[in-house]
Amino acid sequence: KNIAGGVGIILLPWMMATFGYSQLDLMLMTSPCIVIGILATPLIPALCGRHGHRKVLMGVFWFDFITEWLFLPFLTASVGFLPMPVVYGYLKTPVGGIGSVLEALTSRLVDSTESAKLAAMMQLNGFMTGSMASLLFTRVFHAEATTLLTKVAPFLLASSVKIIACCIFYFGHRTIIEEACDKLTEEVAKGAAEAGKEPEKTDGAKKAD
């Protein structure tokens, strides 16, 4: 999945070559995503509280997978003055809060004594996959591509690589993650119930006084 995410290396040059916008134009187009992301931060926790972490996690998983392939043939199109990749970025921004859920699940699945080793492994993995991605996607990207297939080739490659990660998750350790989600939901519900009882005890104490 890290390798697939490496397509971001060529995203800005790709949009400049495909749509003819300058780097400043594209930065201005995408900057509202930062504000939207901040405002939408409570969305995922709120959905988890209402529907449970398992449903929300799998919902985001399928949302990400389906929309990625649905948008793929239309990446060279525009909605008004906005390039389709920018529109796709706006669409995905509200679910960016799923990262906090993944961190909470990781802390429950990985023992505290092993967390430092995991962090080191993830950092090493990031360096290795980053190097591979920079080499891979710069070779596939052609600024003067003329056909749809050659234009979207980097994104097609990234989505194809990501399928491998999705299969490993869905057919591999998905059940472990879902069980952790259920435990996390129970912990959150228990904490909310205890927090709700505290004001009642305080009111009762005041009445007794």
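A look at the state of the cysteines
Covalent bonding between the sulfur atoms of two cysteines defines a disulfide. One pass over the full model with this rule turns up zero disulfides. Between Cys-167, a free cysteine, and Cys-166, which holds the nearest cysteine sulfur, the sulfur-to-sulfur gap is 7.0 Å. Relative accessible area serves as the criterion here: at 35%, Cys-167 is assigned to the partly exposed category.

Details of the side chain of Glu-178
Examined against the element boundaries, Glu-178 turns out to sit in helix α11 (residues 153-208). Setting aside residues no more than four positions away along its own chain, Glu-178 makes contact with Arg-54 and Met-58.

Some words on the packing of aromatic side chains
The tally for this structure, following the rule as stated, stands at nine aromatic pairs. Pairing Phe-61 with Trp-62 gives two aromatic rings, centres 5.1 Å apart and planes at 75°, and the pair type is edge-to-face. Exposure remark for Phe-61: the relative accessible area of 16% places this residue in the buried category. By relative accessible area, which is 38% here, Trp-62 ends up partly exposed. Considering the side-chain rings of Trp-62 and Phe-65, the 6.1 Å spacing of their centres and the 90° angle between planes classify their relative orientation as edge-to-face. Highlighted residues: Trp-62 and Phe-65, both in helix α6 (residues 53-71), separated by three residues, approximately one helical turn. Among the aromatic side chains, those forming a connected cluster through ring pairs are Phe-61, Trp-62, Phe-65, Phe-169, Tyr-170 and Phe-171. The cationic tip of Arg-174 hangs over the ring face of Tyr-170; the distance from NZ or CZ to the ring centre is 4.0 Å.

Considering the pattern of salt bridges
With the rule as written, the count across this model stands at seven salt bridges. Glu-68 is the partner of Lys-162 in a salt bridge, and the nearest nitrogen-oxygen pair spans 3.0 Å. Of this pair, Lys-162 sits in helix α11 while Glu-68 is found in helix α6, placing the two residues 94 residues apart along the sequence. The two residues Lys-162 and Glu-68 agree in class, both being buried. A salt bridge links Arg-174 to Glu-178; the nearest nitrogen and oxygen atoms lie 3.4 Å apart. In this pair, Arg-174 and Glu-178 are both assigned in helix α11, four residues apart and thus about one turn of the helix distant. A relative accessible area of 9% means that Glu-178 is categorised as buried. Through salt bridges with shared partners, one network takes in Arg-54, Arg-174, Glu-178 and Asp-182.

Section: the packing of helix α3 (residues 23-30) against helix α4 (residues 32-39)
It is at 5 Å that the axes of α3 and α4 come closest, and there the two elements cross at 20°. It follows that α3 is roughly parallel to α4 by the angle criterion. Between α3 and α4, the residues in contact are Leu-28, Met-29 and Thr-30 and Pro-32, Cys-33 and Ile-34, respectively. Here the residues of the contact of α3 with α4 are counted per class, giving five nonpolar, one polar and no charged.

Let's talk about helix α2 (residues 8-19)
Taking 1.5 Å per residue, 12 residues should reach 16 Å; α2 reaches 17 Å between its end C-alpha atoms and fits that length. The complete set of buried residues in α2 reads Ile-10, Trp-14, Met-15 and Phe-19. Each buried residue of α2 sits inside an arc of 140° when the element is viewed along its axis, so together they form one side. Looking at the residues trailing α2, positive phi occurs at Gly-20, about 80°.

Here we look at the confidence of the model for the protein chain
Overall, the predicted model of the protein chain reaches an average pLDDT of 85, with 93% of residues at or above 70. Element-level mean pLDDT values for the protein chain span from 75 in helix α1 (residues 2-5) up to 94 in α6.

Side note on the environment of Cys-167
Within the secondary structure layout, Cys-167 lies in helix α11. Separated by 157 residues in the primary sequence, Cys-167 and Ile-10 place their C-alpha atoms 25 Å from one another.

Conventions adopted
- Residues numbered from 1 in each chain as written.
- Predicted model: local features only at pLDDT ≥ 70, side-chain atom pairs only at ≥ 80, totals over all residues.
- Heavy atoms only, no water.
- Disulfide = S-S within 2.5 Å.
- Buried < 20%, exposed > 50% of the residue type's maximum accessible area, 1.4 Å probe, protein only.
- Helix = DSSP H or I, 4+ residues; strand = E, 2+ residues; numbered from the N terminus.
- Contact = heavy atoms within 4.5 Å.
- Phe/Tyr/Trp six-rings, centres within 6.5 Å; stacked < 30°, edge-to-face > 60°.
- Lys NZ or Arg CZ within 6 Å of the ring centre and 35° of its normal.
- Salt bridge = Lys/Arg side-chain N within 4 Å of Asp/Glu carboxyl O.
- Axes fitted to C-alpha atoms, helices over the stretch in contact; angles between N-to-C directions.
- Parallel < 35°, antiparallel > 145°, perpendicular 65-115°, else oblique.
- Nonpolar A, V, L, I, M, F, W, Y, C, P; charged D, E, K, R; others polar.
- Expected span 1.5 Å × (residues − 1).
- Arc of directions from axis to C-beta.
- pLDDT = per-residue confidence, 0-100.

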